[in-house]
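The chain contents come next:
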Amino acid sequence: MTSTDRNTSPDRSAGPAPGPASDPVDTPCPGTGPSIGPGPGPGSRTRLRARARRAADRLLAFARRPYRDRPDPSYRVRRWPDLTALCCATVFFWSSLTPSLVPRPWYLQGLVGGITAAIGYALGSTLAWLFRALVSWRPPDRVRTRCWQAYWLLSPVLAVWLISESARMQRQLRVLQGLPPALTWHTPMIALIALGLLLAALLVARTVRLGSATLIRLLGRVMPRPVAYALGAALSGLTVLVGVRDVVFDRGVVDLADRIAEATNGDTKDGIRRPASRHVSGGPGSLVHWQDLGYQGRNFTGSTPTRDALTAWTGRPARDPVRVYVPSALPAVFEDDRPFAAQARLAVHELERTGAFDRAVLAVAGTTGTGWVDPNVAEALEYMYGGDTAIVAVQYSYLPSWVSFLVDEEKAGRATHALLDAVRARLDTLPADRRPKLVVTGESLGAYAVEASFDSADDLLASTDGALLLGAPNFSPISREIRRDRDPASPVWRPEYREGAHIRFAQFPATDLDRPAAPWSWPRAVYLQNASDPVVWWSPDLLLSRPSWLDDPLGPDITPEISWFPFVTFWQASVDMTVSYGVDAPHGHRYGAGAVDGWAAVLPPPGWTPADTTRLRAFIGHRRAAY
């Protein structure tokens, strides 16, 4: 380059030279100066219009053909959902919006919706696969397009409407069960939670399918195709089974629940103190140390009413009640190869030490999975008898009841059965006129523990002087027997058994226990059973069978808009159990002061009157439970 060329070449450091090659959009108009203010310049507006045009074109193209075909048959994860499966998932989601036994908060409604939608998608996908395998016909593109267009137009509108209707029905159910009618219902959040769960389940299922297909393809390189397919499917199924059961459930859910429950078991509820009475486990002279009782044991014995409190209420001299509790971890001197027999032996020693066999009533209480005994049930009996009572219970686990049921439900029955056998054997050594009245009680899994200790309803009545059972789970053997063999005219939620001669059910015991009008003989058993208690009605049978508790007439706190749907009702009842304590007694799994009427019917003390029952019910019902 010559010096002339260098002198005449443009100075690029000063910016682009003006001319035809310059971008006219970026060049300000003469005299206007730079753009001032927040508004976009002409170039920005042009780019925005171009983007809007492209988005509109894509949306229009999608509206004309609102689905995508797989670019390759090997695509398993990144493929468009099946329309049949998606329609089934949507219908299942809609059905999950119907009311169930107790009101559900919005986040649990989203959970139920997502689980049931995933089940619906799996069923729909299976039906579509079977159709394609058996029928060679395929719908033309025009039919597929119209079906997809109809789905995208109708499903969002119907979903919003049905969620709003579900909110209305939930509000009605809250009013029916005595809860405030106000309910915060987050329609978008319900849909998003359900959609998120569905997508997560779909991703997991497709990932498993992809892994299975890859395994089968690899095996097919070294063995015949049918053998590779069978072996690959078997190995994939085994991997999923082991992963879900051993890794997710046993080492995940159960281990986490165990660690939480173990930490809780070593704690003590605020306000609970070591008892000063020698008539209570953990107190002076006890064979079981206070620190060894566990969380629920310390709650039970540390909240025993004092003699002064009982005297103040009864107006008569009272006695210190006896409460005996044996934890699952025994003192070394009582350890045995048969842990339940060892617990029962220690319990009898504690009963003897506390003078329990000299009391008017001896109650054997079944405990829940954590070892819980309902304080209302215990205190109602103690106030009724002025402390002339003894209550004994053993702990077979510290896990929540649902974990205890899944891991080993028979523990509850075996532990309580051993305790009852030991107590009855000790009672048999006493003269008949000096024996305390033997009664049994339990709530929830504790009711099952009591029922599992007897062969039948007749055995229960023949072996005890009475029973008070509350919220017995559906798998409890005796209550199932009674509901199955109930008198034909009675509903399952308030069954009449042999014309109420010895056994009666009640939700509102002040009135229900008077039905039927036939004579009621001793010994008596009272079941407190709420029509809206999901613990009572939950069963795997709900997956495919319509339950009898939905037959007319419905229970007094069941909405007439409740319906049964395969799979859906099962998950609704499962979630209902988690919120069954969120309502007030007598609804859900709450029984409140109903134990007062129950004990007054089962074994009233001499001179006890209906007025006494009303007074004690008000006293128990209007104060905070001890734990």
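Use the structure listed above.
Residues numbered from 1 in each chain as written. Predicted model: local features only at pLDDT ≥ 70, side-chain atom pairs only at ≥ 80, totals over all residues. Heavy atoms only, no water.

A. View of the environment of L528. With respect to the helices, strands and loops of the structure, L528 is situated in strand β7 (residues 524–528). Among the residues examined, L528 registers a relative accessible area of 3% and is labelled buried. Between the C-alpha atom of L528 and that of T441, which follows or precedes it by 87 residues, the distance is 11 Å. Contacts of L528, omitting those with residues within four sequence positions, involve L468, L469, L470, G471, A506, P509, Y591, G594 and A595. (Helix = DSSP H or I, 4+ residues; strand = E, 2+ residues; numbered from the N terminus. Buried < 20%, exposed > 50% of the residue type's maximum accessible area, 1.4 Å probe, protein only. Contact = heavy atoms within 4.5 Å.)

B. Structural view of unusual backbone geometry. Following R515, the chain continues into P516 via a peptide bond in cis, with omega recorded as -5°. As for its position among the elements, P516 is in the loop between α17 (509–512) and β7. Put simply, D552 and P553 share a cis peptide bond, and its omega is -5°. Here P553 shows up in the loop between α18 (534–537) and α19 (568–578). Positive phi is not limited to glycine here, since R498 has a value of about 55°. Under the relative-accessibility criterion, R498 is labelled partly exposed at 46%. We note that E499 has phi near 60°; this positive angle belongs to a residue other than glycine.

C. Representation of the sheet that holds strand β2 (residues 361–366) within the structure. Strand order in the open sheet made by the seven strands is β1-β3-β2-β4-β5-β7-β6, with parallel pairing throughout. Two strands bound the open sheet, and with one partner strand each, they are β1 (322–326) and β6 (503–506). Here the strands of the sheet are splayed against their neighbours by 15° on average, with no regard to which way each runs. In terms of strand pairing, β2 meets strand β4 (residues 437–443) through six bridges, oriented parallel. Pairing of A365 across the sheet is with T441, part of β4. On the sheet, helix α10 (residues 339–354) packs against β1, β2 and β3 (389–394) and is oriented at approximately 160° with respect to β1. Most of the contacts of helix α13 (residues 410–427) go to β2, to which it runs at about 165°, and overall it touches β2, β3 and β4. (Pairing = 2+ DSSP bridges. Axes fitted to C-alpha atoms, helices over the stretch in contact; angles between N-to-C directions.)

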